[in-house]
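What follows is each chain in one-letter form.
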Amino acid sequence: MSFEKTSDINAFWSDYGGKALSAMRKEVVGDFKKEFPNVAFSANSTVAGCIRLVYERARIPFVVIFDEYDVIFRERKADCLIESYLALLNGLFKSSTMSPCFVPIQMALRPKARICGA
C-alpha cells in the first residue's frame, strides 16, 4: 500500500488544521478499502481497526513506517492535534490486540520476510 499523500503531516496540517488526523484517517481507510476490496470495513473504521480486520481475515502482518513521526512535536502543532496523534500511536502500538498484526522489526529485516506491497 502506498500512502504518498498521507506521508506528509505538514501538508495535512496546512490543508485541514486541527482536523488533519481525521482527514488522514479517512484517506488511509479509503486506501485500505481499495487495497482489500473483499474486506468489509465499517464507515467509522479507524486505522488500527483496518489493520486488525485485514490481519484477522487474511493473516497478513503489517510493517508500519512513520516518516517524520515527530513533526507534530517539532513544529509545535496545536495541543488538540498532539493529543489525537498520541491516541493514534497508542492505539496502534500499545494495544495487546494489535501486537499480532505487526511484523517484528527483526523479522522484517530478514531477506525472506514477506512484506505487503513489496
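The rules behind each value
Residues numbered from 1 in each chain as written. Predicted model: local features only at pLDDT ≥ 70, side-chain atom pairs only at ≥ 80, totals over all residues. Heavy atoms only, no water. Axes fitted to C-alpha atoms, helices over the stretch in contact; angles between N-to-C directions. Helix = DSSP H or I, 4+ residues; strand = E, 2+ residues; numbered from the N terminus. Parallel < 35°, antiparallel > 145°, perpendicular 65-115°, else oblique. Left-handed = near helix turned anticlockwise from the far one by under 90°. Contact = heavy atoms within 4.5 Å. Nonpolar A, V, L, I, M, F, W, Y, C, P; charged D, E, K, R; others polar. Phe/Tyr/Trp six-rings, centres within 6.5 Å; stacked < 30°, edge-to-face > 60°. Expected span 1.5 Å × (residues − 1). Buried < 20%, exposed > 50% of the residue type's maximum accessible area, 1.4 Å probe, protein only. Arc of directions from axis to C-beta.

Asks: Any details on the packing of helix α2 (residues 20–35) against helix α3 (residues 47–58)? Residues and values, ideally.
Replies: Between α2 and α3, the shortest axis-to-axis distance is 9 Å and the interhelical angle comes to 15 degrees. In terms of their interaxial angle, α2 and α3 are classed as roughly parallel. Pair α2 / α3 crosses with left-handed handedness. When α2 is examined against α3, the residues R25, V28, V29 and F32 are found in contact with a partner set consisting of V47, C50, I51 and V54. Its residues assigned to classes, the contact of α2 with α3 comprises 7 nonpolar, no polar and 1 charged.

Asks: So what's going on with the packing of aromatic side chains? Which residues, and what values?
Replies: Summed over the entire model, instances satisfying the criterion amount to 4 aromatic pairs. A ring pair is formed by F32 and F36, whose centres lie 6.1 Å apart and whose planes are at 25 degrees; its orientation type is stacked.

Asks: Requested: an account of helix α5 (residues 79–93), with residues and values cited.
Replies: In this model, α5 (15 residues) spans 21 Å end to end at C-alpha, consistent with the 21 Å of a helix rising 1.5 Å per residue. When α5 is considered as a whole, its buried residues turn out to be L81, I82, Y85, L89 and L92. One face of α5 carries all of its buried residues, which in axial projection span an arc of 100 degrees. Projecting away from the buried face of α5 at angles above 90 degrees are the exposed residues D79 and E83.

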